[in-house]
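So you can see what is in the structure, the chains are spelled out below.
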Amino acid sequence: MSLFSKPKYSTVTVKKKNIPEGLWRKCPLSGEFVFNKELEQNQMVVPQSGYHFPIEAGQRLSHLLDPGSLKEHDANLSSVDALAFQGSSSYGEKLAQNQKKTGALDAVLCATGSIHDIPVSVAVMDFRFMGASMGSVVGEKITRAIERALDMKCPCIIVSAS
């Protein structure tokens, strides 16, 4: 029998807690976890670090306009690949991928509504759609938003995201 014996270690089994998917988001700056509801209430800004998560055009409009006042315009306008541009993938393929990814036909959402009961025309770009790059349809929709504001004699607000 030896004077020194090898200690016996017990293994501890820890069960993973069931945390529902999509409940938290990790801040890339601080590494902290933030409730998605808290982020949404703070317009996708992490309160402690000030990091800004991307925000969709529809979300931005819901924060900007009075509840129930939003009326979307020109939602049916969509870009086409008139030049048949070919790169690593065709422009038509990129359009289709971005339309599927975002659920939008193009990179800008145009609407009328009100802010504190003041009528406004709004064009909000969505970076998720090809970096909110300005093609012919984006330009046309922004022009229509400006013309709509002139006709209504109200402010035009353009939120750029590119």
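Predicted model only: the values in this text are computed from it and were never measured.

*Asks:* Describe the overall build of the protein chain, and please don't skip the residues or the numbers.
*Replies:* Across its full length, the protein chain carries 4 helices and 6 strands. Its helices and strands taken in sequence order, the protein chain reads β-β-α-α-β-α-β-β-α-β from the N to the C terminus. Buried residues in the protein chain amount to 31% of all 162 residues. A fraction of 56% describes how many contacts in the protein chain between residues 6 or more apart in sequence connect residues 24 or more apart. Surface exposure of the protein chain reaches about 11,400 Å², of which carbon and sulfur atoms provide 56%.

*Asks:* Can you tell me about a nonpolar patch on the surface, naming the residues and giving the values?
*Replies:* A contiguous nonpolar patch, built from Leu-23, Trp-24, Phe-33 and Phe-35 and spanning about 390 Å² of accessible area, is present on the exposed surface. The residue Phe-33 is located in strand β2 (residues 33-35) in this model.

*Asks:* Got a sec to walk through the environment of Ser-79? Specific residues and values, please.
*Replies:* Within the secondary structure, Ser-79 is located in the loop between β3 (71-73) and α3 (91-102). Judged by relative accessible area, which is 9%, Ser-79 ranks as buried. Separated by 58 residues in sequence, Ser-79 and Val-137 have C-alpha atoms that sit 5.6 Å apart. Beyond its immediate stretch of four places on either side in the chain, Ser-79 contacts Tyr-91, Leu-95, Asp-106 and Val-137.

*Asks:* Could you give an account of the sheet that holds strand β4 (residues 108-115), with specific residues and numbers?
*Replies:* Within the open sheet, the 4 strands sit side by side as β3-β4-β5-β6. Their pairing is mixed. The two strands at the open ends of the sheet, each matched to only one other strand, are β3 and β6 (156-159). If you compare each strand with its neighbour and ignore which way they point, the axes differ by 25 degrees on average. Where β4 and strand β5 (residues 118-125) come together, 8 bridges link them in antiparallel fashion. When the bridges of β5 are listed, Ser-114 appears paired with Pro-119. Across the sheet, helix α2 (residues 57-64) lies against β4, β5 and β6, angled at about 160 degrees from β5, the strand it touches most.

The rules we used
The residue numbering used here restarts from 1 in each chain and proceeds along that chain's sequence as written. Selection of residues for local features in this predicted model requires a pLDDT of at least 70, selection of side-chain atom pairs for listing and counting requires 80 or more, and totals for whole chains, interfaces and linings are taken over all residues. Neither water nor hydrogens contribute to the side-chain values; these are computed over all heavy atoms in the structure. Helix and strand definitions follow DSSP, with helices as H or I runs of at least four residues and strands as E runs of at least two, each counted in order from the N terminus. Exposure is judged per residue with a 1.4 Å probe applied to protein chains only, and the accessible area is read against the type maximum: over 50% gives exposed, under 20% gives buried, and values in between give partly exposed. Throughout, a contact is declared for two residues whenever any of their heavy atoms are within 4.5 Å. Using the Shrake-Rupley algorithm and a 1.4 Å probe, accessible areas are obtained, with residue cover drawn only from the displayed protein chains. Residues with no salt bridge and a relative accessible area higher than 30% make up the patches, which join like charges within 9 Å and nonpolar side chains (Val, Leu, Ile, Met, Phe, Trp, Tyr) within 5 Å. When a carboxyl oxygen of Asp or Glu lies within 4 Å of a side-chain nitrogen of Lys or Arg, that pair is called a salt bridge. Strands pair, by our definition, only if DSSP identifies at least two bridges between them. For helices, the axis comes from a line fit to the C-alpha atoms of the stretch in contact; other axes are also lines fit to C-alpha atoms, and the angle between any two N-to-C directions lies between 0 and 180 degrees.

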